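# Secondary and tertiary structure notes
What follows is the residue order along each chain.
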Amino acid sequence: MTVAWLAPLAVSIPLAGAVLIGLAHRRPNLREAVTLTTATALFLCTCALLPSVLDGQEPRIVLAEPIPGVPLALHVEPLGMLFALIASFLWIVTSIYSIGYMRGNRESHQTRYYVYFAIALGSTMGVAFAANLLTLFICYEILTLSTYPLVTHHGTPEAVRAGRTYLGLLLATSIGFQLVAILWTWQLAGTLSFRLGGVFADPPQATVTGLLLFLYLFGIGKAALMPLHRWLPAAMVAPTPVSALLHAVAVVKAGVFTVAKVIVYVFGLDALQQAGIAHWAVYVAGATILIASVIALRQDNLKRRLAYSTVSQLSYVVMAATVLAPLSVVGAAIHIAAHAFGKITLFFAAGAIYTAAHKTEISQLDGIGRAMPWTMGAFAIGSLSMIGLPPAVGFVSKWYMLLGALDARNGFAIAVILASTLLNAAYFAPIVYAAFFRPPSKRSGVAQHGEAPFPIVLALTITAVLTLGLFCVPDLPLQLAFGLVRSLP
Amino acid sequence: MILRHLPALQVVIPLIAAPACVLLRHPALAWGFSLVVSLVTLAVAILLLVRVMTDGVLSYALGSWAAPWGIEYRVDPVNAFVLLIVAGIGALVLLFAKASVEKEIPRERVSLFYSAYLLCLTGSLGIAITGDAFNLFVFLEISSLSSYILISQGRDRRALTAAFQYLTMGTIGATFFVIGVGLLYMMTGTLNMMDLSQRLPEVATTRTVRAAFAFLTVGIGLKLALFPLHLWLPNAYTYAPSVVTAFLAATATKVAVYVLLRFFFTVFGADFIFRTFPLDEFLMVLAFAGILVASTVALFQPNVKRLLAYSSVAQIGYMILGISFVSATGLTGGVVHLFNHAIMKGGLFLALGCIAYRVGSTEITDLEGIGTEMPWTAGAFVVGGLGLIGIPLTAGFISKWYLILAAIEQGYWHAAAVVVIGSLLAALYVWRVVEVMYFRPRPPGRAPVMEAPLSMLLPTWVFMALTLYFGSNTQLTVGVARQAAIFLLRGAS
């Protein structure tokens, strides 16, 4: 058995887990045990792939060939490895958190919840390891569909409406733009397999390349580029663990990951540079960063503010990738990791506040830090990472993005990064300040509650510690990110 | 020995079985007998496909009268595939039929119902297998007349008017068809299709042949519910018994599309049709209109059966679109969609049959709460619905893939856009039903229901399993469709 088999194994472990979770329907403890075991097994499986990827090997495997010439195939390369490691590790933490949250809030249909969660993770692995655009597209669509029942989990009219926005936008963009772009690529290049430096043997006309880039960037709705971002705030009606892992890590990262992959492996940095048509993408992404930050400033609902912050942070990755400098691509890759750890901590904290204090608005949070020191401490660390200050990992990714932008002499990108740092500080710092330094106001009421249940606190402490830890020891993500760039021709 | 007569057996077995079925007065007996017959028919169809794939075109002289004078049965990759679809769906739907028919058809008429069903099957198979234009008309009438009977058996009294409407339109279509065949006979003195294809070029420029072509196109267009000749279809599908709707939706229109392909490409030849007439553009416009208008109308239907019926009109548009590209990829897309849509729509109508069996209605408001009460049925509906949208790993995705690819190949961006918009409209009308099934509680007025019996669920899920299977393994479907496409285009040049 070769290493390559671990890739399909990683995709099938969560799917098998989903079946087992469904079978353990009547025994919640067993069911949760299955979830945790599956998550751990998946993480170990992705870890087992790591050494060969660090060695510079890239395991490949062909599974089937649904359309002649376009196989269903997996190919583990550094960027996908990084994404898979993050998602599978955070699934373990989120599972611990979910147990505390779902039981603490007495949510209904918990089995369904865990089943679709596992399917979503399986398709995330598929996105991470996809060897060609068709495989990626298939997993991308399954990810959309499997998260729909999670978004509409509560079944309320509001949830159904949000589900409509969610599915509508994601399906419309993926079928309307992405599928057409994929078929066009297939027609032009005769292949859909990811290849460093691009798939086009002789580059198409600049206008064609520009149109294709447009179709891809807006076809990958999960990257939440404005004006196609509305599904993300809508998805916030889901239970908080879903927002935390899926709508801050798995789903949205699948989006920006796909963007990075398309730019590096389908177009190729050099080819895009020569065509000279990627400027508009930098502007769109930059505008998204700033506009989303301004909208985030005005949100009082904590989860909505976090959601708009995610929209803005995702566009960092898109912008860094479209700046087209190798170092900015490194920054993009690390930002996938940095934002994942920081944002999941913030969502965990939001869920902890809801579970312990039943508060959802920022204006209710005055003085809550005294009752929930662990939670709000983690929240502060997450905020630091979002703003991009040391000693949090967000600083590392911003550093490389800035270096890349300097390399490419892209003044616009530099200005956007600096401006948005200020904006990030403006919408996160007041929350932390209010929580710790304002006295409990009449609106927030005197705290009748303590910390959230133990699994929740444990989970958010782990991710907060890692947010700091990755700043001190960023070797692994850096190694993988540079592995991606080093092999560039 | 007997294998030599396979082409004849394909039609003769159900044809003889149909009157025999009348003699079996007991419903279960009539059902069992029809099921066995349909399974044997399916076996014959499979054997025929295997033989065609290995040995090439089969020609069979009925009664040993040699070809241009006698009736020739001619099996090539195109119709072998159609035979497989028709026979396969005929058998699967019958497997489902027992409980559903006992509920929807009065006991004393059950055996008559099954004999009409077998006749309808005979007609469809006959249309597909024959190589003789007039013989095709005969089978067309057999299948049409029996389907009028089948439709009129619906419980709703409106089934009678629906059947009558279909009868009127169908008869006009058949008459047009026979006028066209008559004109061709007048000009060439032959009815054999291969013979016709050789003799037609000499007289191709005459007005008579052109008139014949016009009559044939409109006649076939009526049968296949080509937009805007589709008006009979929604009523017929809505008020017919569940089993009949599933069978007709999955076979009747497909066979008509086949006839269109046969006449366009084999008899007249692509040169005549697409160079002499700008028919490809004409068809493409009709296909666009069909896809967009019918999908939009489907959005607003209060009855789910009717919604799916309009969706069928739209899906026929996709097949016609595939044909109108006149390229190998386009035809592959059209033919593959013929197969894929048969499976998906057949399964969807069976799922509705399950709901009609338990709830007694297919009004969308009566589906509230079905998601929790009949989880397997609702699940099947979702899978079929995803297929209609064209989500990857379902058969529908494969069709869309080839159709969009064909559009891009030829630079028809508007066609690619229409396919995409059609998919999104499908997402809207499918999701309307899904939301009602899963997110609305059971209305207080409706008694709680149980999951459908296994005898109905199983065939429904076989269709859904096939939908998923042919979405991930296309060796059979795309393989055969591509061969058929190349065969059709070669026959033309």
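Note that the structure is predicted; figures quoted are calculated from it, not measured.

On to the overall build of chain A. For chain A, the count of helices and strands is 19 helices and 2 strands. In terms of C-alpha radius of gyration, chain A reaches 21 Å, essentially the compact-globule figure of 23 Å for 489 residues. If one aligns the C-alpha atoms of chain A with their principal axes, the spans along those axes are about 70 × 55 × 45 Å. With 489 residues in all, chain A has 61% of them scored as buried. Within chain A, counting contacts between residues at least 6 apart in sequence, those at least 24 apart form 81% of the total.

Here the focus is the overall build of chain B. Within chain B, the secondary structure is distributed over 20 helices and 2 strands. Rg of the C-alpha trace for chain B: 21 Å, near the compact-globule value of 23 Å for 493 residues, within the 12% margin. Projected onto its principal axes, the C-alpha coordinates of chain B cover approximately 70 × 55 × 40 Å. Residue burial in chain B is summarised as follows: out of 493 residues, 63% are buried. For chain B, long-range pairs separated by at least 24 residues make up 80% of all intrachain contacts whose partners lie at least 6 apart in sequence.

On to the interface of chain A and chain B, then. Each side of the interface is counted separately: chain A has 22 residues, and chain B has 22 residues. Those elements that provide at least two residues to the side of chain A that touches chain B are strand 1 (60-67), helix 5 (133-151) and helix 6 (157-189) of chain A. Considering every element that reaches the side of chain A that touches chain B, the biggest residue donor is helix 6 of chain A, with 12 residues. Grouping the constituent residues of the side of chain A that touches chain B by class yields 17 nonpolar, 4 polar and 1 charged.

Glancing now at helix 10 (residues 242-268) of chain B. Residues and elements named next belong to chain B. Between its first and last C-alpha atoms helix 10 spans 38 Å; for 27 residues at 1.5 Å apiece the expected length is 39 Å, and the two agree. In helix 10, a bend of some 40 degrees at leucine 248 exceeds every other bend along the element. With 27 of 27 residues buried, helix 10 lies mostly within the body of the structure. Looking one or two residues beyond helix 10, the residue adopting positive phi is glycine 269, at roughly 90 degrees.

Quick look at helix 2 (residues 28-54) of chain A now. Residue and element names in this part refer to chain A. Taking 1.5 Å of rise per residue, the 27 residues of helix 2 would be expected to cover 39 Å, and the 39 Å separating its terminal C-alpha atoms lies within 8% of that figure. Among all positions in helix 2, only Arg31, Glu32, Val34, Thr35, Thr38, Ala39, Leu42, Phe43, Thr46, Leu49 and Val53 are buried. Contact partners of the buried residues in helix 2: helix 1 (6-23), helix 3 (78-104) and helix 4 (110-129). Downstream of helix 2 by one or two residues, glycine 56 has phi in the positive range, about 95 degrees.

In this section: the packing of helix 4 of chain A against helix 5 of chain A. Residues and elements named next belong to chain A. In contact at an axis separation of 8 Å, helix 4 and helix 5 are set at 160 degrees when each is read in the N-to-C sense. As the angle between them shows, helix 4 and helix 5 are arranged roughly antiparallel. Crossing of helix 4 against helix 5: the hand is left-handed. On helix 5, the residues that touch Arg112, Tyr113, Tyr116, Phe117, Ile119, Ala120, Ser123, Thr124, Gly126 and Val127 of helix 4 are Thr135, Leu136, Cys139, Tyr140, Ile142, Leu143, Ser146, Thr147, Pro149 and Leu150. Here the contact of helix 4 with helix 5 is composed, by residue class, of 13 nonpolar, 6 polar and 1 charged.

The subject of this paragraph is the packing of helix 3 (residues 77-104) of chain B against helix 19 (residues 454-472) of chain B. Think of two packed helices as two axes; the pair is described by the angle between the axes and how far apart they sit. Residues and elements named next belong to chain B. Where helix 3 contacts helix 19, the axes come no closer than 8 Å and their chain directions differ by 155 degrees. Here helix 3 lies roughly antiparallel to helix 19, going by the angle between them. Our pair here, helix 3 against helix 19, has a crossing hand that is left-handed. In this structure, helix 3 uses Leu92, Leu95, Phe96, Lys98, Ala99 and Ser100 to contact helix 19, whose residues at the interface are Ser455, Met456, Pro459, Thr460, Val462 and Phe463. Of the residues assigned to the contact of helix 3 with helix 19, the class counts are 8 nonpolar, 3 polar and 1 charged.

Residue and element names in this part refer to chain B. Tracing the backbone through its elements, the reader meets tyrosine 73 in strand 2 (residues 72-75). Given 23 C-beta atoms within 10 Å, tyrosine 73 falls into the buried group. It is 9.7 Å that separates the C-alpha atoms of tyrosine 73 and asparagine 135, two residues lying 62 residues apart in sequence. Apart from the residues lying within four places of it in its own chain, the contact partners of tyrosine 73 are Pro7, Ala8, Tyr60, Leu62, Ile129, Thr130 and Gly131.

This brings us to the pairing of strand 2 of chain B. All names here are of chain B. Side chains Glu72 and Arg74 of strand 2 all project onto a buried face; the interleaved residues Tyr73 and Val75 project onto the opposite face, where all are buried too. Pairing of strand 1 (residues 58-61) with strand 2 involves 4 bridges; the strand directions are antiparallel. Residue pairing across strands places tyrosine 60 opposite tyrosine 73, the latter belonging to strand 2.

A cis amide bond, omega 5 degrees, links A:Met226 with the succeeding residue A:Pro227. The residue A:Pro227 is located in the loop between helix 7 (206-219) and helix 8 (231-234) in this model. Along the chain, B:Phe227 connects to B:Pro228 via a cis peptide bond; the corresponding omega equals 0 degrees. Looking at the element boundaries, B:Pro228 is found in the loop between helix 8 (207-223) and helix 9 (232-239). Despite not being glycine, A:Leu324 shows a phi value in the positive range, around 70 degrees. In this fold, A:Leu324 is placed in the loop between helix 12 (302-323) and helix 13 (326-357). Unusually for a residue other than glycine, A:His358 sits at a positive phi of about 55 degrees.

The next thing to look at is the nonpolar core. Of all hydrophobic cores here, the largest spans 411 residues; its most connected members are A:Leu82, A:Ile86, A:Ala260, A:Ala333, A:Ile336, B:Leu83 and B:Ile404. Ranked by residues supplied to this core, first place goes to helix 13 of chain A with 21 residues. With sequence-adjacent residues up to four places away left out, A:Ile86 is seen in contact with A:Val249, A:Ile336, A:Ala337 and A:Ala340.

A low pLDDT score tells you not to read the predicted coordinates there in detail. Across chain B, the average pLDDT comes to 88, with 99% of residues at or above 70. Both confidence scores are given for the complex: pTM 0.89, ipTM 0.84.

In this fold, B:Ser64 is placed in the loop between strand 1 and strand 2. Sequence separation between B:Ser64 and B:Ile320 is 256 residues, and the spatial gap between their C-alpha atoms is 37 Å.

The predicted model of chain A has a mean per-residue pLDDT of 86, with 98% of residues at 70 or higher. In the model of chain A, helix 19 (residues 475-486) of chain A stands out as the element of lowest mean pLDDT, 79, in contrast to helix 5 of chain A, which has the highest, 91.

On to the environment of B:Ala287. Residues and elements named next belong to chain B. Summarising the element assignment, alanine 287 is placed in helix 12 (residues 279-299). Between the alpha carbons of alanine 287 and valine 52 there is a distance of 31 Å; along the sequence they are 235 residues apart. For alanine 287, the residues in contact, after removing those within four places along its chain, are Gly317, Ile320, Leu321 and Ser324.

Definitions and cut-offs
- Residues numbered from 1 in each chain as written.
- Chains lettered and ligands numbered in written order.
- Predicted model: local features only at pLDDT ≥ 70, side-chain atom pairs only at ≥ 80, totals over all residues.
- Helix = DSSP H or I, 4+ residues; strand = E, 2+ residues; numbered from the N terminus.
- Rg over C-alpha atoms; globule rule 2.2 N^0.38 Å.
- Buried ≥ 20, exposed ≤ 12 C-beta atoms within 10 Å, placed from the backbone.
- Contact = placed C-beta atoms within 7 Å.
- Nonpolar A, V, L, I, M, F, W, Y, C, P; charged D, E, K, R; others polar.
- Expected span 1.5 Å × (residues − 1).
- Bend = angle between axes of the 7 residues up to and from the residue.
- Axes fitted to C-alpha atoms, helices over the stretch in contact; angles between N-to-C directions.
- Parallel < 35°, antiparallel > 145°, perpendicular 65-115°, else oblique.
- Left-handed = near helix turned anticlockwise from the far one by under 90°.
- Pairing = 2+ DSSP bridges.
- Core = buried A, V, L, I, M, F, W, Y, C linked by C-beta atoms within 7 Å.
- pLDDT = per-residue confidence, 0-100.

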